[in-house]
Amino acid sequence: MQFNTGSALLDAVVLAVVSKDAEGTYGYRITQDVRQALDVSESALYPVLRRLQTAGLLETYDREFSGRNRRYYRITPQGAAELESSRREWQSYCASISSILLGGTT
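Reading guide: rules and limits
Residues numbered from 1 in each chain as written. Predicted model: local features only at pLDDT ≥ 70, side-chain atom pairs only at ≥ 80, totals over all residues. Heavy atoms only, no water. Buried < 20%, exposed > 50% of the residue type's maximum accessible area, 1.4 Å probe, protein only. Helix = DSSP H or I, 4+ residues; strand = E, 2+ residues; numbered from the N terminus. Arc of directions from axis to C-beta. Contact = heavy atoms within 4.5 Å. Core = buried A, V, L, I, M, F, W, Y, C linked by side-chain atoms within 4.5 Å. Lys, Arg positive; Asp, Glu negative; His and termini not counted. Salt bridge = Lys/Arg side-chain N within 4 Å of Asp/Glu carboxyl O. Phe/Tyr/Trp six-rings, centres within 6.5 Å; stacked < 30°, edge-to-face > 60°. Pairing = 2+ DSSP bridges. Axes fitted to C-alpha atoms, helices over the stretch in contact; angles between N-to-C directions.

### Structural notes on helix α2 (residues 27–34)
Every α-helical turn comprises 3.6 residues, leaving residues that sit three or four positions apart pointing alike.
Thinking step 1. Among the residues of α2, Gly27, Ile30, Thr31 and Val34 are the ones counted as buried. One face of α2 carries all of its buried residues, which in axial projection span an arc of 100°.
Thinking step 2. Along its buried surface, α2 packs onto α1 (7–19), β1 (25–26), α3 (42–54) and β3 (68–75).

### Remarks on the nonpolar core
Generally speaking, soluble globular proteins have nonpolar side chains that are buried together.
Thinking step 1. Leu10, Val14, Ile30, Val34 and Leu58 are the most contacted members of the largest nonpolar core, which has 19 residues in total.
Thinking step 2. Residue assignment for this core shows that the elements contributing at least two residues are α1, α2, α3 and β3.
Thinking step 3. The contacts of Val34, once residues within four sequence positions are left out, are Leu10, Val13, Val14, Val17, Val40 and Leu45.

### Digging into the side chain of Arg70
Thinking step 1. Secondary-structure assignment places Arg70 in strand β3.
Thinking step 2. Of the side chains bearing the opposite charge, Asp62 lies closest to the buried Arg70, which forms no salt bridge; the N-O distance is 9.5 Å.
Thinking step 3. When sequence neighbours within four positions are dropped, the list of residues in contact with Arg70 reads Tyr26, Tyr61, Asp62, Arg63 and Phe65.

### Examining the packing of aromatic side chains
Thinking step 1. Counted according to the given criterion, the structure contains three aromatic pairs.
Thinking step 2. Centre to centre, the rings of Tyr26 and Tyr72 are 5.7 Å apart; their planes meet at 75°, and the pair counts as edge-to-face. Taken together, the residues Tyr26 in strand β1 and Tyr72 in strand β3 connect sequence positions 46 residues apart. Of the two residues examined, Tyr26 and Tyr72, each falls in the buried class.

### Details of the sheet that holds β3
Thinking step 1. As summarised here, the arrangement of the three strands in space is β1-β3-β2, forming an open sheet in which the pairing is antiparallel. With one partner strand each, in any of the chains shown, β1 and β2 (58–65) form the two edges of the open sheet.
Thinking step 2. Its contacts with the sheet put α3 on β2 and β3, and the angle it makes with β2 is roughly 120°.

So, to be careful, I would describe these as geometric facts and stop short of saying anything about function.
This is how it looks when you write it as structure tokens:
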């Protein structure tokens with residue numbers, strides 16, 4: 001069974017993936033890491049990266065790799081704050097759903 005992955009959840013997962021490396025990471029690697037948790041295509045992920053960048057949650061820079069430039073994404077302080085907020089909301093959401101799915105509330 002697959003559950004709906006709305007844009008807020010996808011944004012939070014992308015921010016979490018990018019935040020793992022202080023130097024940032026590049027698009028293809030982000031896609032591979034996100035795919036460990038969510039079924040998302042590379043073409044669907046780049047608009048998310050652009051949206052997060054426009055919102056000031058990610059910043060980009062280019063670095064040469066094998067003779068060509070590779071775009072890297074790095075989380076901003078505002079993005080880190082948003083990620084922490086998303087983590088708190090996720091924990092609350094999981095606790096609520098778990099109490100129902102795993103028994104306990106009537």
